[in-house]
Every structure is written in C-alpha cells, then in structure tokens.
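For reference, the chains in residue letters:
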Amino acid sequence: MSSVAASTAVNGFTQEDRTLDLYEYEAKKIFSEGGITVPPSHRITKPEELAKVHFGFPVTLKVQVLSGGRGKAGGIQFANNLKEGKEKAAELLKMVIKGSKTESLLVEPKLNIHRELYLAVTLDRERGCPIFIASAEGGIEIESSDKVITMPIPNPYHPYVGRELARQLGFKGNLLVKVADVATKLYKIFESKDLDLAEINPLLVTEGEEVLALDGKITVNDDSIGRQRYFDGWQERHLLDVSERERRCKMIGLNLVELDGNIGILCNGAGLTMATMDMVKKFGGEPGNFLDVGGGSDTEKTLEALEIVNSNPDCDVMLLNILGGITACDEVAKALVSFIKKYPERTLVVRLRGNNQELAEKILAESGLKLIPDIETAVKAAVEAANKVSKKPVGAKA
Amino acid sequence: MSSVAASTAVNGFTQEDRTLDLYEYEAKKIFSEGGITVPPSHRITKPEELAKVHFGFPVTLKVQVLSGGRGKAGGIQFANNLKEGKEKAAELLKMVIKGSKTESLLVEPKLNIHRELYLAVTLDRERGCPIFIASAEGGIEIESSDKVITMPIPNPYHPYVGRELARQLGFKGNLLVKVADVATKLYKIFESKDLDLAEINPLLVTEGEEVLALDGKITVNDDSIGRQRYFDGWQERHLLDVSERERRCKMIGLNLVELDGNIGILCNGAGLTMATMDMVKKFGGEPGNFLDVGGGSDTEKTLEALEIVNSNPDCDVMLLNILGGITACDEVAKALVSFIKKYPERTLVVRLRGNNQELAEKILAESGLKLIPDIETAVKAAVEAANKVSKKPVGAKA
Amino acid sequence: MILIDKNTKVIVQGATGKMGSSHMKRMIAYGTKIVAGVTPGKGGTEVHGLPVFDSVREAVETTGATTSVIFVPPYLALDAGLEALDAGVELLVLITEGMPPQDTAKLVAAVKAKGARLVGPNCPGVITPGQCLIGILPGQIFSPGKVGMISRSGTLTYEIALALTDAGLGQSTCVGIGGDPIKGMGYQELLQMFNDDKDTDVIVLVGEIGGTAEEAAAEFIKKNVKKPVVGFIAGQTAPPGKRMGHAGAIISGGKGTADSKLAAFKANGMHVALTPAEVAKLAGDLLKTPAKA
Amino acid sequence: MILIDKNTKVIVQGATGKMGSSHMKRMIAYGTKIVAGVTPGKGGTEVHGLPVFDSVREAVETTGATTSVIFVPPYLALDAGLEALDAGVELLVLITEGMPPQDTAKLVAAVKAKGARLVGPNCPGVITPGQCLIGILPGQIFSPGKVGMISRSGTLTYEIALALTDAGLGQSTCVGIGGDPIKGMGYQELLQMFNDDKDTDVIVLVGEIGGTAEEAAAEFIKKNVKKPVVGFIAGQTAPPGKRMGHAGAIISGGKGTADSKLAAFKANGMHVALTPAEVAKLAGDLLKTPAKA
C-alpha cells in the first residue's frame, strides 16, 4: 500500500469533511475514558487561571481551535514560568486561525519527546471498511510522510490486529504490546462512538517506554450522532465559526455554503446544486450561495430554504432548480406561492420538473408564477436578470 | 429440527451442569436491567414482611431455591389476603426441595395468563454455537414439549434473527415484534454476561398483548465468571446447599463429589477419576468420593486435596491415582511425603506415572512410600484393604 | 440492460412507511413487478393491494422475489439489509439516506461474503426504462434506448437522463450508486457490466468532486472498456474545503478536484461534457460512431 | 497416521509462560519439529534455543510453520486462535483449559469459515508416536503402531495408551479432543480420517458420560467406518445429576448415561471394553482379525 493511497484515504475524511470536529481537549477526554494515556492537562479561558495549574513549569500552551495548522500559525507556545505563561496565554487567547476563534487554552507539562508516531482509525472509501493509518513518524502532516502504513480492520475486531500493526511499524517486545494496546483502544473508541476519524498525532513514546497521546483529533459522523447520546448537544456547541445563516441551515438539515456572487441558488440534491452553480458560472453569472434542500423536502422546509436564500443581502436574483424524485413538485409549488405572496418584488427564476409536476403546474398557474422547464434556459434567465441587477422579477410575474 | 435434539441441547446445559445458578429473583433483576419486562415483585424472608408489599392481593408466593421442580413440590402458592399470605409464607419459608433450602420468597401479583411461551438461549454442543430454544407452549418441562423450535444464532447478532424466531413461533404483526424484542434482549444478556443458559419459562403474553417474563433461570458459565465483574462474590453466596468439604474444594478449584463408600479416590483428570471409580466398583469396592485435582497441580494443591479426602470420616482407604501429563509426578511425590509424615497411620495406595516419574520415584523411595505402577493392581489393592477395614497401611510403609 | 429487467421480482422493505409506501405505488404504476412489502409488525396487512410480511424470509418464500428495495430508517438499515441477504435476496437497492457509514461497511462486507449485490445506500435506485424501476427515480424522465448511465448523484442523474431523453436518446439501464463514501457497487463493477451488455452502446459516467473514484474509473475504462464513455463532473466551480452536500463532495488538500477528474477522463480516452446538454450531444454523436476495436 | 507427522512444523503460542515453556521443552525433546515460540511482548528473545516472535504472522513467515499449539491464558485464547488462523495456520491445537465457551464458539466458527482444523480447547493434544508430539501428553507412554485413538478425556487417554503400549500395541496417532462441550474436531471427523488412514488398523474411541456425541459417533461408525472400533466409556458408575469434573461429564434427565452409550456402541457393531486393560485386549485381538469388507 503506497502512501499516496493512504493519504487519499485520510483526505476522504479530513476535519473539513464533517461538521462535528472535536477540540483537542475533548478528544483527549474521550481517549482517556477509553483507556489511552494522555498527559496531565488543565484547560484555561483566562490567563489568570494559569496559577491554578496543578503541575509545574515549564508548560506548553495550546490554543483550542477547530481549524488545522495550529502549530504553524504559532498557536502552540512554551512558558518557563507563570509570568511568561500569563503573557503568552493572553496573546494566544486572542488568536483566530483560519477564521476559527480560540475557544480556550490547554496547558500541559512540557514533555521530553523521545519518539513520535502517527496513529489513526478512519473509514477507507475504496476498501469499504475501517482502516488503521499509522506512521513511525509522527507530529507531521501525514500526507507528506512516506512511511505510512494502512491496514484494513476486520469485523469483529480482535486485539491481534493491533499487534500486527505495531509490528509493521517496526516495534518489538514490550513496546509492541503497548503500542498495540493503544491501537486496540483507539479502534474501540472509533467503533463505539461512531467516529469518522480518531487520530493521535503525535503518539508519544517516552524514554521510559511510556506511550501517550500528545495531541488528537476526533471527528464524529454526522449521520450517526443521533444514536450517540454521548454527543447530545455538542453539535450546537461546536458551530462557533459559521455564519448565523449556516447555523440555521445546519439545525434544520439544509446544506448551505455561502459564496460571493448575487445569484441565490436553491436546488435539491448536491450534485444538481453543484451542476447548477457550474452552469451559472459558465454563462457568466456569480453564485451567491449553494443551498441543497435535500431529498423529499415538503412545503415548510422549502419555504424555510427560500427565506434563507432571500435573507442574503447580496442576493439580487433567486434561482430555484428542483427536479423532483423524492421531492414532490406540488409541495415545492405551495412553498413558492406562499413565498411570492410575502415577497412579491423578489426576482425569482423557477425551474421545476419531475414527481407530481402536473399538480405543481396547476398550483403555480393559479398564482401567476411562470415555470421554465429547461435547466439551461432557467440558468441563462437568472444570469441575465442578475447582470441587470434589476429588482423586477424575471421568471415570475413577468 | 426435532424436539428430541432440542431437549438434548437443553440437557447439555441444565442447571445442574454448572455451579452458578441464579435464583429466580436474581434472574429477573438481570432480565429487567436488560430491558425485558418482569412483573412487579417483592422479596421477603419473613412472613411479616408481606404487609409491606406495594401491590394488592391476590398474590403469588414463590420459594426461591436453586433446585428444579419447585412447582410440583408445592413451592408456589396463592394467597387472597394478608392472613392467608402470612400463613402460607411461614410454611413456604421452611421448605427444602431436593436438598435445597428456601432462601426467600418472591411475592408477585397473581396475573391472568392469556398465553405462555418458552424462550431460552444456550450453547448447542452439537452445532458449536449459541441457539434459541423456544416453544409456543410455555410453563412446561421443555423436554416433554413437542412444539420446540431451535435456531442457531449467527455472530455478530442482528435483530432480524429474533424476528425470524418469533415468526417461526407463529406470531404475526405487533406481537411478533414484541416477542422478537424479548428474544433479542435475552440474547444480548446471554452474550454480555457469559451465560450458559438464559431461560424465560413461561414468557407470558397478556390479553393486552403485553409480553413479560413470569419465571426465569440463569446459569452463569463457570469459566467466564472471572471476567464478569457483575458476579463478583456471587459464587460463594450461592454455595448454600453443598457440604463444607465441597465448598472448600470449589473455592480452591478442586472438583469433589461426595459418595457413600469408604475408598477415598483422588485422581487427576475427570475421565481418569471416573474410570478409577468404575474400576473400584467393578472389583468390589465402594468409592467414598470423586476428587479430581485437575491438570498441573503442584505440591500445595495436591496436599490440600489429600487433606480433603482424609477429612472424610467414612474414608478407610485412600487411593491416589495420578498419571502425569501436565501434572509433574515429583510435585505430587512431595505432597505425599508431607502427608504421610503428618498421617503415618493412613492407608494410602499410590499409583503414580508419567511426567517426571523418575524424580518422583526418587523422592518417594527416600520416604519409604511404595509405588504401584499399574492401575488395576492399585485399585485391587485399595479394594482389598478397604474390605478388611484395616487401618494398617497397605500400599505405604508395608 | 443490466441488473434488472421486466421479470425482476421486487419486495419493498419499509413498505408501510410514508416514503416506502408512496414510492411503492409509483414503482407499481411504472410496471415494476413489485410482489410484496415487508414491515416487521405489519405482517398480514396490505399495501397497494399487495401483501405485507413481517419478515423478508417469509416474503421471499411466498413470492420468489430476488430483489429488495429498502426504505427503512437509517439506524435500521443494517439489520434490514442483513435480513434480506440472509433470506437469499440477490440484489439490494438501499434508498435510505443517513445510514451510519460504519453500518454500511458491515453490510458491504456481508454482501461480498454472500456474493450478492448492493446498490446504495443514499441512492436514487436503478431503472431499466420501460421495464423496471427500483427506487425513487421519476420514471417519466427516462426512455428505453442504448445509453447506459452510472451516477454518484441523485437529481443530477435525472437532469442528464432528461437531457438524453429530450435529445431522443433512450437508456438501457441507469444506476444511481449513491453519494456516500462507503457504498455497494461502484463505477468499475458497473462499467464492466455495461461493457458486457449487448443492449448498451454508449456509457455515461456522472461524477462529482471529492475522492478519487472517477480517476480510478478512468484508468479502468482505458484498460477494460471497449465502448465509448462520456464523463461529466459536478462541482467544477466549487470552492475548496467546503462540503457540498454529500459526504464525498469536497475538495481538500488538492485532491478530488474537478480538474483532476476531467484531466483523468481526457487522459484515458473518455469524452468530456461540461453541461447536461453536452452529455446528450456527445452521447448522440457517439451512438453514430462505430465501437472501438 | 493423521493430522501430524515428523515433518509438521509447529510454533508454540504462549511459549514464555510457565506451562508453554516447560511443554515446549518436552516436545522438542520428543523430536517434534518445534520451530519457534510466540509471545506478544517477548519478541526477539529465545526459549530453549528457539526464537520467540511477537506475532504468529512473523513466526509463520519466518519459519514456514503450519501448526500451532496454544498455551495462552483462557481469556486470551480466542484472540490467539484467531491470530493463528489469520496468519494461515492450518492446524490449531488448543491446550488452554477454562476458555469461555462463547469464545470457543466464535473460534470454531472462524476455523470452519477458513477451512482450518482445531483440536481442543482443554485437550491434551495430538501424538503420532515416534514422530511428533503436540501438546502435553507424556510421550514415553506412547509407541508407534497400528491403533488410532480418539478420546474426550486427558489422563484417561494416557491410561489407555499405556495399556496398549504395555500390551505391545503401538499407536498410529492419538487425538485428545478435549472435554469441553464446545470444541473443534469431534469424533466423527477423526473417525473418518482414521478410516482413510493406511497406517491405522484398529480405532479406539474413549468417551465419557454426558452429551450424545458417543451415540452419534456409533451411528456414524456403522455407516461410514470399515475398520474395527473399540469403545470405552468413563463414568459407568457415576451418580446422576452430579458434575464429574468436565462440563460435559454429567448425567441429567436420563440422557448421556454410560448405559445409553455402551448400548449404542453394541447396537452399531463396535467392540465394548469396560477397563483400560480390556481395551488393549480387544484391540490386540482385532489387530489379528481381517478388516470388514
């Protein structure tokens, strides 16, 4: 298995991929509950709290943010005494990394690093099963390491798999057993908590052959979170770095991505939404957002989605492109009728086809909204209207 | 699958088979913790406590004993009021069924029985996997039912297996789902608690289509109990009906069965012990006990075993028959030397062969104990000595 | 055509749910040989004039169905899929969205061990136009013909089918493989089937940004597929690092971009379309061209 | 001989434990081709001059071993067995006593799925006298010859082997299948192997009270085994309802009695011995008799 394939597998599930990424301190709490040793630590939200830390200096101060690249951005600092620590903590607590605000600092004793490893469990989309990804070099970007090992994990799991991994990493004897034990515990955490990613980077080996998780990342699978009582309420708590509109969408199950243009796009299905966005660009327009209402949306949800697109102040034209498979066109039509009554001046280009199309046409005909059956015509109409920056409806009530 | 095979499977693991059988009230607590509905109940150890029962009369009073056949022995009584209840409770608390003393009474409301089932999970020695055993007729001796279904349980378990069982029992619709749910929960209990048997008999279906466990039996696997923290200390608590000598053996891992004769038998391995016992009978002797010291016993354990056989007042002759595979003969020899120093007048017939035999011979030769290498000769010598009821040592110090 | 035809006998798992019931009705109306529904707890009732059974085994034993379309809630999908496998179902079409991927991984392993086939989860289903529709695809958009289609997207599949149909190009079979990162059948297995299918002359492969399945498919095509393949990728203008709806639809660390995929298509002899209309145009042109040697 | 011979390469799992180490030494002394030990955490060390590996895979890759004898503690036995299977070991001899039967059931299922063989758990092992001893049997008791033996008991196996050897009757192979209710190879599979083995002329089957395996074996013998079989049952005088050491050695509800087993032996053409000495006598007589047609 080449490292290219390995890093591809990692890339399939990096932290940006799913919404519930955990902070380092949360990941370490879960590691610890699962029996993996972590360094002693203390979380602070004010520089003064550094005085309460129960272990001595020197310490490491680490910003708790959800974005990557923390180290490179200067988010990890050492302090030899309380004074230096407070000064550095004050600076660190103000940091924003890649748009992500510092939530708190994690303070740990500064440890002597004898050896570092990389160890992760994730799902491999190519092999269709969980895999271990590991490297005898840790603390680095795994994508750039050429010593990466991947190993498919059988179901049910048995501890010998972890031992085989440790062996392939080059361990022997006592240390092999210890590293294997961490691997086994990491997998158990991954499985029992429905994670997409459980990563320890670096996994530290001390001179005394202690093995501990120095930093870690956990990504919880979005689809599974409903059966993981452990994470009840965590999703809202972690939506700190998104716009209010994005948060609102997240909570009602819409997928919104804010973009820079003035054409508000609303489609059903991620692929169709992307293709519509691509066509808007191709025909000279600028998408103002990506909004996928998903499959089977009813009147209420569609109306919510329309309101969200409408609430973008930069939006000049709204382009609705629905091809009904699960989604019933008549439900969408009802939402459109309500929306246009509330916002009669909105420029709204509507393309609607598929399931219950005849019913929808009937409903819309009564309200005077015009339907464009063809996607290219609809996109072109929206682009034309947007480029005029006219507030007069183009597709509707023309 | 015929009912004969089914009852064979049951027979392979009846309650006598393993030592940690649970009382009905304990089994019901475990059922309840596992999500299976049980009737409200109250356990009492004195008739007066009946006044505290939190549900109304009529009630059922059930003796809590570890032996079977409780119902036939009159251990289940109904009471229409407190006075009748106290009188019956007083009688029931004195009951001894098949040598098993009543530990307490379980009081439950008298329920209207609409329909009864039998439902159990156990291991099938023929198929080598866990199985469901179920019958659309409950409350009966499962061996005598001709409506028994058995179904192998795949690993890992999935709930559709329980539904298939319920379907084969003749259920449909809502009740199928409820019975299947109990089956699934019963299997989860069986697996997670390392049981040999998890049995609900009867599983009650009320007119309102409630499904609840009216009586139950749980047998915990002896070999697995060391990894089941839940049962810590339970074994000692349940050794009520065995002799002090049997209890002592149990606690140190020896297998003792008390018999009526005067030849105390001590062997290594159950098969050899049984064969030795058979030969004692065949040559006209009467075994006083069956004691298997197990494989790999050292000096200390062998000495303990010798002391236990010696402590039987009916024992006139001791027959030690060790064929060492795991067991090192020199370890046994050392125990014999110690024993004979302490009890020089004991009639002890010793047959010792196998692993480290030469060392053993050397050790015994020094102490003057004579070895008989052949089993038949040894058994005959023991029988002869026992029939003389002579206290003079036969095999030793002759 | 591949996978399904007019003789395919289909059961509906989750037939009494809102979605299962409404799509069951539409499949029946389309002409699909739906033979029964399955909902544990609803055995003995009827849906759309067909019997509902408590178990797949009973449904299969009674009707001889070989295919199941699954509409159960996401946390019950693994159990439903395994039940179908255990009852001997050969093709599972799993419509359910939101199935935990670790459950999917377990189902995929069981499907492989059994030698069965799984389409999905989180997919629109499979259609052999005019013969059999399994899933939630809007049947009226499709028409019988010579174009085979494999797509990772739902509604985009319909959009392209519509473009084909509007251009007078019917389809042999269209398979929506679903947008989840862990799934049953993938591009390569289906490309092979279309390559071997006498009713298919041109293949359309609809991809999205994210992952490297399209790149791998392009290489597979160069090596194994003799028929012309038109490729389309959604997300050509998607910003990096943002999740575009599907778990898989994301560009991250320079991997999985539309450019990388389109380049792989070109490098491996595929025909690249940038809009649904272009897909139809290219497919139409290729239908007139004789097949590769 | 069956299962093992002088060329069988064997690794010892749990080689650095007290029991594993001492029996490894005895197996080497007997002449068994022990090639390595395995103990996770002890890789790189040596036991009795042989290398110890951390994993079975490494041991197998280095030595070419096909057989493993397992001495690990009972709660680690499932993992050890699965590790061996996964590393391609074809024959597992599981000595460990006290393995949870639900673990055994899982191992047995995995062994079947892999097409491998398991003897045990809780068994004395296998010996082909003069060639290969795997397990904890006392080698000096056995001698090479024409009698094949299958036994559920440990020390009783030795007793009967001793009686045979003392009577001048050597053994082709002796297999102690173990006393646990859930186990790997059983009577029938081994009877078939002895029946097909050119080095075996008479088969000795040693049983115990409890269960119905002996009754089933007797029926199997009548149908499938051409060679004469001597049967012995321990526990002829055991009181009902008492557990005689082994989980299986119990008479309960009128099932599994010695009488029932001995009757089945007689009814199916087997030869019944009541003491170890009688086994030897019968086997000796039968060796002089020509085989059944």
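In this text, all values refer to a predicted model and were calculated from it rather than measured experimentally.

Basis of the calculations
Along each chain, residues carry numbers from 1 onward, in the same order as the chain's sequence is written. Going through the entries in the order they are written, you letter the chains from A and number the ligands from 1. Only residues with pLDDT of at least 70 get local features here, since the model is predicted, and only at 80 or more are side-chain atom pairs given and counted; chain-wide, interface and lining totals rely on the full set of residues. With hydrogens and water set aside, each side-chain value is computed from the structure's full complement of heavy atoms. Two rings belonging to Phe, Tyr or Trp (six-membered ring only in the last case) form a pair when the distance between their centres is within 6.5 Å. Interplanar angles under 30 degrees mark stacking, angles over 60 mark edge-to-face geometry, and anything in between is tilted. Comment: elements are numbered from the N terminus, with helices defined as DSSP H or I runs of at least four residues and strands as E runs of at least two. Classification of residues uses two cut-offs on accessible area relative to the type maximum, computed with a 1.4 Å probe and protein chains only: under 20% is buried, over 50% is exposed, and between them is partly exposed. Throughout this description, the term charge over a ring refers to an Arg CZ or Lys NZ atom that lies within 6 Å of the ring centre and within 35 degrees of the ring normal. The nonpolar core is taken to be a set of buried Ala, Val, Leu, Ile, Met, Phe, Trp, Tyr and Cys residues, with the residues joined through side-chain atoms within 4.5 Å. Contacts: residue pairs with any heavy atoms within 4.5 Å of one another. What fixes the domain bounds is an automatic or database domain assignment. Computed with a 1.4 Å rolling probe, the buried area is the accessible surface lost when two parts are put together, summed over both parts. Put simply, a salt bridge is a Lys or Arg side-chain nitrogen that is within 4 Å of an Asp or Glu carboxyl oxygen. Under the rule applied, a polar contact is a pair of N or O atoms within 3.5 Å (in protein, one hydrogen donor and one hydrogen acceptor; residues adjacent in sequence only if both atoms are side-chain atoms). Residues are grouped as follows: Ala, Val, Leu, Ile, Met, Phe, Trp, Tyr, Cys and Pro are nonpolar; Asp, Glu, Lys and Arg are charged; all remaining types, including Gly, are polar. Structural elements are reduced to axes, namely lines fitted to C-alpha atoms, with helices fitted over the stretch in contact, and the angle between N-to-C directions of any two is expressed from 0 to 180 degrees. Oblique is the label for any angle not covered by the other classes, which are roughly parallel (under 35 degrees), roughly antiparallel (over 145) and roughly perpendicular (65 to 115). Strands are labelled as partners when DSSP assigns at least two bridges between them.

Participant: Now, about the packing of aromatic side chains: what can you tell me, with residues and values included?
Facilitator: Going through the model one piece at a time under the given rule, you end up with 16 aromatic pairs over all chains. Plain terms: the ring middles of F132(B) and Y157(B) are 6.3 Å apart, the flat faces sit at 75° to each other, and that makes the pair edge-to-face. Of this pair, F132(B) sits in strand β9 (residues 129-135) while Y157(B) sits in the loop between β10 (148-152) and α4 (160-168), and the two are 25 residues apart along the sequence. Of the two residues, F132(B) and Y157(B), both sit in the buried class. Ring geometry for Y230(B) and W234(B): centres 5.7 Å apart, planes at 40°, overall tilted. Look at Y230(B) and you get partly exposed, because its relative accessible area is 28%. Relative accessible area serves as the criterion here: at 11%, W234(B) is assigned to the buried category. Between K110(A) and the ring centre of F78(A), over which it is positioned, the NZ or CZ distance is 4.7 Å. Positioned above the aromatic ring of Y230(A) is the side chain of K193(A), whose terminal nitrogen or guanidinium carbon lies 4.2 Å from the ring centre.

Participant: Give me the lowdown on the nonpolar core, citing residues and values where you can.
Facilitator: Ranked by internal contacts, the top residues of the largest apolar core, which has 148 residues, are F31(A), F132(A), F31(B) and F132(B). Those residues in contact with F31(B) that lie beyond four places of it in its chain are I36(B), V38(B), L186(B), I189(B), E199(B), I200(B), A213(B), G216(B), K217(B) and I218(B).

Participant: How would you summarise the domain arrangement of chain A if you had to cite specific residues and measurements?
Facilitator: The domains assigned to chain A are domain 1 (1-39 + 113-241), domain 2 (40-110) and domain 3 (243-389). Centre-to-centre separation of domain 1 of chain A and domain 3 of chain A, based on C-alpha positions: 40 Å.

Participant: Describe in detail the interface of chain A and chain D, supporting the description with residues and values.
Facilitator: Counting residues at the interface gives 12 residues for chain A, matched by 15 residues for chain D. For the chain A and chain D pair, buried surface summed over both sides reaches about 1100 Å², with 55% attributable to carbon and sulfur atoms. On the chain A side of the contact with chain D, Y160(A), R163(A) and R167(A) bury the most area, a combined 49% of that side's loss. There are five salt bridges connecting chain A and chain D. Among the salt bridges present, the one from E164(A) reaches R57(D), with a minimum N-O distance of 3.9 Å. Counting across the chain A and chain D interface gives seven residue pairs in polar contact (both at pLDDT 80 or more). For the side of chain A that touches chain D, the secondary-structure elements that each account for two or more residues are α4 (160-168) and α5 (173-192) of chain A. Along the lines of polarity and charge, the residues of the side of chain A that touches chain D split into five nonpolar, three polar and four charged.

Participant: Explain the packing of helix α7 (residues 244-252) of chain A against helix α9 (residues 299-310) of chain A to me, using residue names and the numbers behind them.
Facilitator: Residue and element names in this part refer to chain A. Where α7 contacts α9, the axes come no closer than 11 Å and their chain directions differ by 170°. The angle between the axes of α7 and α9 places the two elements in the roughly antiparallel class. Only K301, E304, E307, I308 and V309 of α9 make contact with α7, whose side of the interface consists of R245, R248, C249 and I252. Residues of the contact of α7 with α9, tallied by class, amount to four nonpolar, no polar and five charged.

Participant: Let's hear about the domain arrangement of chain C: which residues, and what values?
Facilitator: Residue and element names in this part refer to chain C. Its domain assignment divides chain C into domain 1 (9-119) and domain 2 (138-288). At the junction of the two partners, domain 1 supplies 10 residues and domain 2 supplies 12 residues. Counting across the interface, domain 1 meets domain 2 through zero salt bridges. The interface formed by domain 1 and domain 2 holds one residue pair in polar contact (both at pLDDT 80 or more) in total. Elements supplying a minimum of two residues to the side of domain 1 that touches domain 2: α1 (18-30), α4 (101-114) and β7 (117-119). With four residues, α4 is the largest single contributor of residues to the side of domain 1 that touches domain 2.

Participant: Account for helix α3 (residues 77-86) of chain C, naming residues and giving values.
Facilitator: Counted residue by residue, α3(C) has nine buried out of 10 residues, so it is predominantly covered. Along α3(C), the residues that are buried comprise A77(C), L78(C), D79(C), A80(C), G81(C), L82(C), E83(C), A84(C) and L85(C). Those residues of α3(C) that are buried lie in contact with α4 of chain B together with β1 (9-13), α2 (56-63), β5 (67-70), β6 (91-94) and α4 of chain C.

Participant: Tell me about α4(A), residues and numbers included.
Facilitator: Burial of α4(A) is extensive: eight of the nine residues sit out of reach of the surface. Every buried residue belonging to α4(A) is among Y160(A), V161(A), G162(A), R163(A), E164(A), L165(A), A166(A) and R167(A), and all of these are buried. At its buried positions, α4(A) is contacted by β8 (115-124), β9 (129-135), β10 (148-152) and α5 of chain A together with α2 (56-63) and α3 (77-86) of chain D.

Participant: With reference to specific residues and values, describe the pattern of salt bridges.
Facilitator: A complete count under the given rule lists 74 salt bridges over all chains for this structure. Note that K83(B) is salt-bridged to E87(B), the shortest N-O span being 3.1 Å. With K83(B) and E87(B) both in helix α3 (residues 82-93), this residue pair falls four residues apart, about one helical turn. According to the relative accessible area criterion, K83(B) is exposed, its value standing at 60%. What you see here is one network of salt bridges that share partners, running through E24(A), K28(A), K62(A), R70(A), E108(A) and D215(A).

Participant: So what's going on with the interface of chain C and chain A? Which residues, and what values?
Facilitator: Taken together, the contacts link 56 residues of chain C with 59 residues of chain A. Summed over the shared surface of chain C and chain A, the result is five salt bridges. Between D103(C) and R227(A) there is a salt bridge whose closest N-O contact spans 2.9 Å. Counting across the chain C and chain A interface gives 15 residue pairs in polar contact (both at pLDDT 80 or more). For the side of chain C that touches chain A, the secondary-structure elements that each account for two or more residues are α1, α4, α5 (155-166), β13 (229-234) and α9 (276-288) of chain C. Counted by class, the side of chain C that touches chain A contains 26 nonpolar, 18 polar and 12 charged residues.

Participant: Any chance you could break down the side chain of T32(C) for me, citing the residues and the numbers?
Facilitator: All names here are of chain C. You can see T32 is positioned in the loop between α1 and β2 (33-38). Only 2.7 Å separates the side chain of T32 from the backbone oxygen of L133, close enough to count as a polar contact. Residue contacts for T32: discarding those within four places in its chain leaves V10, M27, Q131, C132, L133 and I134.

Participant: Report on the sheet that holds strand β10 (residues 144-151) of chain C, specifying residues and quantitative values.
Facilitator: Within a sheet, adjacent strands bond to each other through the backbone by hydrogen bonds, running parallel or antiparallel. Residues and elements named next belong to chain C. With mixed pairing, the seven strands of this open sheet are ordered in space as β9-β8-β11-β10-β12-β13-β14. Lying at the two open borders of the sheet, with one neighbouring strand each, are β9 (132-135) and β14 (271-273). Neighbour-to-neighbour, the strand axes of this sheet turn through a mean angle of 20°, independent of strand direction. Most of the contacts of α5 go to β10, to which it runs at about 155°, and overall it touches β10, β11 (171-176), β12 (202-208) and β13.

Participant: Report on unusual backbone geometry, specifying residues and quantitative values.
Facilitator: Of note, the bond from N201(A) into P202(A) is cis; its omega dihedral lies within 30 degrees of zero at 5°. Its location among the elements puts P202(A) in strand β11 (residues 195-205). Residue P156(B) is bonded to the preceding N155(B) through a cis peptide linkage, with omega at 0°. Note that P156(B) resides in the loop between β10 and α4. Not every positive phi belongs to a glycine, and D194(A) is a case in point at roughly 55°. Although it is not a glycine, H48(C) sits at a positive phi angle of roughly 50°. Relative to the helices and strands, H48(C) is located in the loop between β3 (46-47) and β4 (50-53).

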